[in-house]
Amino acid sequence: MHKKRNTTLILAVCAILLVFGFIGWFLVAIFEGEKPKIELGPVPVFLTKATEVPLVVTDAKRGIRTIKVTLKQGSRQVTLMEKRFPFEGFFNEEGVHRFDSVIPIDASELTQGRADFTVYAWDYSRSSGGDGNLTIAEHKMVVDTIPPALRLVTQLNYVNEGGTGLIVYQTTSDAVKSGLYVGERFFPGFPAAKDDKEGMHVCYFGIEVDIPKDVSLYLWAKDKAGNVSKAVMNRSIHIRNKRFRTRKINISERFLDQVLPYFTPELKDPTAQNIAKFLEINQRVRKENASVFYDLRTDTSPDRLWEGTWLRLKNAAAMSKFADKRLYFYKGKIIDEQMHMGVDLASLASSKVGAANNGRIIFADRLGIYGLTVVIDHGQGLASTYSHLSKLNVKPGQTVAKGDVIALTGQTGLAGGDHLHFGMMVSGFFVNPIEWWDTHWINDNVIRKLDAIK
Ligand SMILES: [Zn+2]
């Protein structure tokens, strides 16, 4: 009797435990606390145009109940998407556990400024008083669909072929980069003054020799959001055509014997014939040197460092001019053609070379065909170059004043005799130095424009 009663009791307890266990499991299951997961694709910080934001919501346990996406601007709120998912099966096992979508946002329908993008996702858990677990994903955005404004201040601008131009323009304060495009070539603008609050910019630019007549000239500005403005300048910038010289240069064996030893470390094949070595120097090495000069353009002060007319090497004759077209002859045959991108000034051997204007040394080293070379940054993209030097007196980073002796002339690199090769650069582009030695030209084309914005 006792034994049977005991067995019944144990069975009853087991049954009760099983029921409680089941109820417990059931409650844990329906009140589960695992929140839905929200994954968003790239959400732009700046909204400039119609955009689609990829969205994935997952809920492994009880499944997704509701997804809501809103965009709030001040007191105004727009619902971009709202979706409720049906409860399917005993535990919603047939319901939706993963939802993939893209949320379209049309920036043109929004007001400029701050916008809060929010995604809400609830699951079918009975927790939170039956509302389910809630996950919120928020992103702050700035609606900016208005490109920066651009206004040219200097209306009449004359530029010589091969020379330098200066324009003054105004942009709205949100412009982060602006400047002038001459064809494919970009010349950046710089704030006209340190304390400028009007968005005034100065932009020096160069006009290449033999520039196509239909070259496109346009002002360009980009704001923080990525909006771009363009303003065509072809009516405001007048290019004056110039004539340049063509000169024959005879390459003699004596010249080759004189200059080639300097280039031994740069040549690919030391056993090549002298004339082949010369062509490698005049073509490959020249091209590589040009890119070294070009890369220096970013190492420029945003402030104007120079003052007045540039200095020219004292008592020196110009042996070669800017943009001389050089035809190279060897044994009576034409072998190469290059353009001379500076002015060659010859004086006494080892003459003192003064800084043409105030600035900062940004290069002082050996440079291929240019031999020992110094480059001075004068700010806002302007730089002067000094080549074929025999001795350097300065180091990169050093500040120099107009007239300071920076080096001695020489004939290092591809030079037949002692002379100074002087170059002027505008944002890495070589221009005719003759203008910068000309007080009248500077006053009419540069200083007058700069003084007008003070
Ligand atoms: Zn030269």
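Every value quoted in this text rests on a predicted model; they were computed, and no experiment measured them. (Residues numbered from 1 in each chain as written. Predicted model: local features only at pLDDT ≥ 70, side-chain atom pairs only at ≥ 80, totals over all residues.)

This part takes up the overall build of the protein chain. Along the backbone of the protein chain there are four helices and 32 strands. For 454 residues, the compact-globule estimate of 2.2 N^0.38 gives 22 Å, and the protein chain exceeds it by more than 25% at 36 Å. Considered along the principal axes of its C-alpha atoms, the protein chain spans approximately 130 × 60 × 40 Å. Sorting the 454 residues of the protein chain into buried and exposed places 33% on the buried side. Restricting to contacts in the protein chain with at least 6 residues of sequence separation, those with at least 24 account for 68%. (Helix = DSSP H or I, 4+ residues; strand = E, 2+ residues; numbered from the N terminus. Rg over C-alpha atoms; globule rule 2.2 N^0.38 Å. Buried ≥ 20, exposed ≤ 12 C-beta atoms within 10 Å, placed from the backbone. Contact = placed C-beta atoms within 7 Å.)

Once that is clear, we can look at the domain arrangement of the protein chain. Examined at the domain level, the protein chain breaks down into domain 1 (33-143), domain 2 (150-240) and domain 3 (246-432). Once you take the C-alpha centre of each, domain 1 and domain 3 turn out to be 63 Å apart. (Domains from an automatic or database assignment.)

Taken in spatial order, the three strands line up as β24-β30-β28 in an open sheet, and their pairing is antiparallel. In this open sheet, the two strands that pair with only one neighbour each are β24 (352-354) and β28 (391-392). Pairing of β24 with strand β30 (residues 405-408), which is carried by three bridges, proceeds in the antiparallel orientation. Each residue of the ladder has a partner; that of Gly-354, found in β30, is Val-405. (Pairing = 2+ DSSP bridges.)

This brings us to the sheet that holds strand β15 (residues 200-206). Read across the open sheet, the four strands follow the order β9-β11-β15-β14; overall the sheet is antiparallel. A strand with exactly one partner marks an edge of an open sheet, and here the two such strands are β9 (150-152) and β14 (190-191).

It is worth spelling out the pairing of strand β27 (residues 382-389) at this point. For β27, the buried fraction is high: eight of the eight residues fall into the buried class. Counted between consecutive antiparallel strands, the loop separating strand β26 (residues 372-379) from β27 contains two residues, among which Gln-380 sits at a positive phi close to 55 degrees. Two elements, β27 and strand β31 (residues 420-426), share six bridges in a ladder whose sense is antiparallel. Counted as the bridge partner of Ala-383 is Met-425 from β31.

With 61 residues, the main nonpolar core has Leu-180, Cys-203, Val-374, Tyr-386, Ile-406 and Val-426 as its most contacted residues. The biggest single contributor to this core is β31, with five residues. Residue assignment places this core across two domains, with domain 2 (150-240) and domain 3 (246-432) each supplying three or more. Leave out the neighbours within four places in its chain, and Leu-180 touches Ile-167, Phe-187, Cys-203, Phe-205, Leu-217, Leu-219 and Met-233. (Core = buried A, V, L, I, M, F, W, Y, C linked by C-beta atoms within 7 Å.)

Right, let's get into the environment of Phe-87. Here Phe-87 lies in the loop between β5 (76-84) and β6 (98-105). On the basis of neighbour counts, which here come to 14 C-beta atoms within 10 Å, the residue Phe-87 falls in the partly exposed class. When sequence neighbours within four positions are dropped, the list of residues in contact with Phe-87 reads Asn-92, Gly-95 and Tyr-124.

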